[in-house]
Amino acid sequence: MTTTALSTPATGSRRGLPPSSRQPIIYPESDGKPMADNTRQFDYIVMIQGGLAALFADRPDVFVAGDLLWYPVEGQPHIRAAPDAMVVFGRPPGHRGSYIQHEEDHIAPQVVFEVLSPSNTPAEMRKKRDFYDRYGVEEYYEYDPDRGTLEGWLRREGRLEPIDQMEGWVSPLLGIRFSLEGTDLALYHPDGQRFETFVEQAQRIRAEQQRAEAAERRIMQLAERLRQLGVDPDAF
């Protein structure tokens, strides 16, 4: 991937000026649509976006977002999409009202995720794939939690082409592994750690704390037993 010099992310006004016009162009920060249609779709979107943000938390050149409007063409605010999650290499993290590509060194999101809801039609999803294909996405992943299906597309020779086998697939750009466990999507970090929901993360942390507290109690009990036997535990 070509190295691109970083610049300060765009903030504040969502306006730009097309080359041939003096009139300001407004790039809305909302399309008026909900982030998700149901709780299951929402949980997956949050899990994916949160896991990706954690994966690249130490990278100053990776921007991760969820449900953020992306405007790929300068001066054309009607051309837009709001991926459920997206990753942009070559741009710094930070808050944005929308992703206006010409204000971001003209760098398109390289990886995009969509989590389907029951209202998504095949025609609508084909239109989204065509959009991502046309505007430079390198990897596109589509998961349907109701049907338990997972599909992916990888850019080859200038076009997004279907990935033949998604089970066990490792993203070339992200390094994460994809799997379906029953009908549930499972994503794994390069170190093998599974992407977690906030609830799963809280449960794991609580369990680790309980194990640490139990180990501390056993140490204290052992120390007390040694004292009863006339042995100084601090001598060990």
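These remarks concern the structure in this document.

## Re helix 1 (residues 39-55)
Moving on, step 1. Helix length check: helix 1, at 17 residues, gives a terminal C-alpha distance of 24 Å against a target of 24 Å (1.5 Å per residue), a fit within 8%.
Moving on, step 2. Gln 41, Tyr 44, Ile 45, Val 46, Met 47, Ile 48, Gly 51 and Leu 52 are the residues of helix 1 that are buried.

## So, the pairing of strand 10 (residues 159-162)
Moving on, step 1. Pairing of strand 9 (residues 149-156) with strand 10, which is carried by four bridges, proceeds in the antiparallel orientation. When the sheet's bridge partners are listed, Trp 153 is paired in strand 10 with Pro 162.
Moving on, step 2. As consecutive antiparallel partners, strand 9 and strand 10 are separated by two residues, and within that stretch Glu 157 has a phi angle of approximately 55°, a positive value.

## Here's the deal with the pairing of strand 8 (residues 139-144)
Moving on, step 1. A large share of strand 8 lies buried, amounting to six of its six residues.
Moving on, step 2. In strand 8, alternate side chains face the same way, and those of Glu 139, Tyr 141 and Tyr 143 on one face and Tyr 140, Glu 142 and Asp 144 on the other are all buried.
Moving on, step 3. Pairing geometry for strand 7 (residues 111-115) and strand 8, over five bridges, is parallel. When the bridges of strand 8 are listed, Val 115 appears paired with Tyr 143.
Moving on, step 4. Taken together, strand 7, helix 2 (residues 122-134) and strand 8 constitute a β-α-β crossover, and its handedness is right-handed.
Moving on, step 5. Direction of pairing for strand 8 relative to strand 9: antiparallel, over a ladder of six bridges. In the strand pairing of strand 9, Tyr 143 is matched with Leu 150.
Moving on, step 6. With antiparallel pairing between neighbouring strands as the criterion, strand 8 and strand 9 make up a hairpin whose turn holds four residues, including Gly 148 at a positive phi of roughly 70°.

## What to know about unusual backbone geometry
Moving on, step 1. A positive phi is found at Asp 67, a non-glycine position, where the angle reads about 55°.
Moving on, step 2. Note on placement: Asp 67 falls in the loop between strand 3 (62-65) and strand 4 (70-71).
Moving on, step 3. One non-glycine residue, His 106, lies in the positive phi region at around 60°.
Moving on, step 4. With respect to the helices and strands, His 106 occurs in the loop between strand 6 (99-100) and strand 7.
Moving on, step 5. Of the residues examined, His 106 reaches a relative accessible area of 54% and is grouped as exposed.

## Quick notes on the pattern of salt bridges
Moving on, step 1. Evaluation of the coordinates by the stated rule reveals eleven salt bridges.
Moving on, step 2. For Arg 40, the salt bridge identified is with Asp 184, shortest N-O distance 3.3 Å. Linking Arg 40 in helix 1 with Asp 184 in strand 12 (residues 184-188), this pair joins segments that are 144 residues apart in sequence.
Moving on, step 3. Among the residues examined, Arg 40 registers a relative accessible area of 32% and is labelled partly exposed.
Moving on, step 4. For Asp 184, a relative accessible area of 32% translates into the label partly exposed.
Moving on, step 5. We note a salt bridge from Arg 91 to Asp 105, for which the minimum N-O separation is 3.3 Å.

Rules used throughout
Residues numbered from 1 in each chain as written. Predicted model: local features only at pLDDT ≥ 70, side-chain atom pairs only at ≥ 80, totals over all residues. Heavy atoms only, no water. Helix = DSSP H or I, 4+ residues; strand = E, 2+ residues; numbered from the N terminus. Expected span 1.5 Å × (residues − 1). Buried < 20%, exposed > 50% of the residue type's maximum accessible area, 1.4 Å probe, protein only. Pairing = 2+ DSSP bridges. Right-handed = clockwise from strand over helix to strand, strands pointing away. Salt bridge = Lys/Arg side-chain N within 4 Å of Asp/Glu carboxyl O.

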